[in-house]
Amino acid sequence: MQDARFERVTLHRGDLRTRFPRRFRARLEGCRVEELARRAKYLLAHLSSGETLLMHLGMSGSFRVEYDGNGSGPASDAGRHDHVVFAMSSHATVFFNDPRRFGMMDVVPAGKLEAHPALSRLGPEPLSAGFDGAALAAACRGKKVSLKVALMDQRVVAGLGNIYVSEALHVARLSPHRKAATIATATGAPRDAAHRLAAAIKQVLEEAVERTTGEIYRASRFRVYDREGERCRQRGCAGSIRRQTQAGRSTFYCARCQR
DNA sequence: ATTGAGACCTGTCGGC
DNA sequence: TGCCGACAGGTCTCAA
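A.B. asks: Can you tell me about the protein's contact with DNA strand C, naming the residues and giving the values?
C.D. replies: As a structural note, the neighbourhood of DNA strand C is formed by 16 residues, with Lys41, His56, Asn162, Tyr225 and Ser250 the closest of them. When the atoms of DNA strand C within 4 Å of the protein are sorted by group, sugar and phosphate make up 62%. With respect to DNA strand C, the side chain of His56 contributes an N or O atom lying 2.6 Å from a phosphate oxygen. Interatomic distance of 3.4 Å between a side-chain N/O atom of Arg243 and a phosphate oxygen of DNA strand C. When residues of the surface near DNA strand C are traced back to their parent elements, those giving at least two are α4 (162-171) and β10 (249-254). In terms of residue class, the surface near DNA strand C is built from 5 nonpolar, 6 polar and 5 charged.

Rendered as structure tokens:
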């Protein structure tokens, strides 16, 4: 998609989680994609017009790219749940498929990106240098919610979802039920737990990126996620993985090694 | 302001 | 096989 132009944009329905912005097609067609980027769970395509195409996959969204050798049309017809089709000047056709329609797309004018409601309140990027135990402790200071719920809050740290919150808490050996505020001291200084947790978040995300970009794809082997009843994999721990609901979402953890 | 509950959608899976 | 409820990796809104 990068460096190619949008030649033809086709919408197969008018809404995902939100409605498409007005003049969606017109604002994309003819524009070149200058750069692809990401912020939290949002994908950004910076356009030659100065606007930015903002996209979110929701829970069930995906892109599929098909190539067409002679440029005479889309590689195939849009299938079920292919809500948006981008025909690119590179002869690639990009299909946005989203059965559940929890995804979203918007086009944001130049200079308005940081102020966009989806982005304006996001916390730090977990893989950035600015995110560390001190930053995490500061964000959790005074929070009465559990650590699990705090890490799901995109204002605390941006881009963690239900799976990697459970994974990170397991690596850090911290209970998901523990109050978020307990990883900071009364003065706000980080405790050891805050450093461990920040490092664990970076570790599980880096591993996840490696798994998905690398050639070696093993059937998803999470430490705790979706492993209810199975053995804990922490070295020397004889516990088994439990599942509990927190704020309406499943949390997986080992009650033995996570405190 | 913070927090928990419910809503938004459709698909899949396990149990009967 | 068919039906039904539970559940799914996210975010928003609303009420307490």
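A.B. asks: Summarise empty space enclosed by the protein; cite the residues concerned and give the values.
C.D. replies: What the rule picks out here adds up to 1 cavity of 30 Å³ or more. Size it by volume and the largest cavity reaches roughly 40 Å³. If you go around the largest cavity, the residues you meet are Tyr164, Glu167, Val204, Glu207, Ala208, Arg211, Arg221, Phe222 and Arg223. Of all the secondary-structure elements, those providing two or more residues to the lining of the largest cavity are α4 and α5 (192-213). The element that contributes the greatest number of residues to the lining of the largest cavity is α5, accounting for 4 residues.

A.B. asks: Explain the sheet that holds strand β7 (residues 92-97) to me, and be specific about the residues and the numbers.
C.D. replies: Ordered in space as β1-β6-β7-β5, the 4 strands form an open sheet in which the pairing is antiparallel. Single-partner strands in this sheet number two, and they are β1 (6-11) and β5 (62-67). Between one strand and the next, the sheet's axes are offset by a mean angle of 15°, whatever the strand orientation. Both strand β6 (residues 82-88) and β7 contribute to a ladder of 5 bridges, which runs antiparallel. If you follow Val84 over to β7, its bridge partner there is Phe96.

A.B. asks: Pulling in residues and values, what's your account of the sheet that holds strand β4 (residues 52-56)?
C.D. replies: Spatially, β2-β3-β4-β8 is the arrangement adopted by the 4 strands of the open sheet, whose pairing is antiparallel. The two strands at the open ends of the sheet, each matched to only one other strand, are β2 (33-39) and β8 (104-108). Each adjacent strand pair in this sheet contributes to an overall mean axis angle of 20°, direction not counted. Note: β4 against β8, 5 bridges, orientation antiparallel. Bridge pairing in β8 places Met55 opposite Met105.

A.B. asks: Can you lay out the pattern of salt bridges for me, pointing to particular residues and giving the numbers?
C.D. replies: Taken as a whole, this structure holds 17 salt bridges when the rule is applied. Ionic pairing is found between Glu125 and Arg38, a salt bridge with its closest N-O pair at 3.0 Å. Of this pair, Glu125 sits in the loop between β8 and α2 (133-140) while Arg38 sits in strand β2, and the two are 87 residues apart along the sequence. Judged by relative accessible area, Glu125 falls into the buried class, the value being 18%. What makes Arg38 partly exposed here is its relative accessible area of 47%. Of the charged contacts in the structure, one is a salt bridge between Arg243 and Glu228, with a shortest N-O distance of 3.4 Å. In this pair, Arg243 is assigned in strand β9 (residues 241-246) and Glu228 in the loop between α5 and β9, connecting sequence segments 15 residues apart. Accessibility expressed as a relative area gives 42% for Arg243, which makes it partly exposed.

A.B. asks: Describe the pairing of β9, listing the residues and the values that go with them.
C.D. replies: As defined by bridge partners, β9 adjoins β10 across 6 bridges and the pair is classed as antiparallel. Bridging from a neighbouring strand, Gln244 pairs with Thr251 of β10. Counting the residues between successive antiparallel strands, the hairpin from β9 to β10 contains 2 residues, one of them, Ala247, with a positive phi of roughly 50°.

A.B. asks: Please set out the layout of surface pockets residue by residue, giving values where relevant.
C.D. replies: A volume near 1600 Å³ is recorded for the largest pocket. Of all the elements in the fold, those that place two or more residues in the lining of the largest pocket are β3 (42-47), β5, α4 and α5. Here the element with the most residues in the lining of the largest pocket is α5; it accounts for 6 residues. Among the domains, domain 1 (6-108) and domain 2 (133-254) are the pair contributing at least three residues each to the lining of the largest pocket.

A.B. asks: Please set out the state of the cysteines residue by residue, giving values where relevant.
C.D. replies: Covalently bonding the sulfur atom of one cysteine to the sulfur atom of another cysteine gives a disulfide. Under the criterion given, the structure shown has 0 disulfides. There is no disulfide at Cys140, and the cysteine sulfur nearest it, in Cys257, is 20 Å away. The thiol sulfur of Cys237 is not disulfide-bonded, and the nearest other cysteine sulfur, from Cys254, lies at 3.7 Å. The class for Cys237 is buried, based on a relative accessible area of 14%.

Cut-offs applied
- Residues numbered from 1 in each chain as written.
- Chains lettered and ligands numbered in written order.
- Predicted model: local features only at pLDDT ≥ 70, side-chain atom pairs only at ≥ 80, totals over all residues.
- Heavy atoms only, no water.
- Near = heavy atom within 4 Å.
- Polar contact = N/O pair within 3.5 Å; in protein donor to acceptor, adjacent residues only side chain to side chain.
- Helix = DSSP H or I, 4+ residues; strand = E, 2+ residues; numbered from the N terminus.
- Nonpolar A, V, L, I, M, F, W, Y, C, P; charged D, E, K, R; others polar.
- 1 Å grid on protein atoms, 1.4 Å probe; cavity = no way out; pocket = protein on both sides within 12 Å on 5 of 7 lines; lining within 4 Å.
- Points joined across faces, edges and corners; volume = space filled by probe spheres on them.
- Pairing = 2+ DSSP bridges.
- Axes fitted to C-alpha atoms, helices over the stretch in contact; angles between N-to-C directions.
- Salt bridge = Lys/Arg side-chain N within 4 Å of Asp/Glu carboxyl O.
- Buried < 20%, exposed > 50% of the residue type's maximum accessible area, 1.4 Å probe, protein only.
- Domains from an automatic or database assignment.
- Disulfide = S-S within 2.5 Å.

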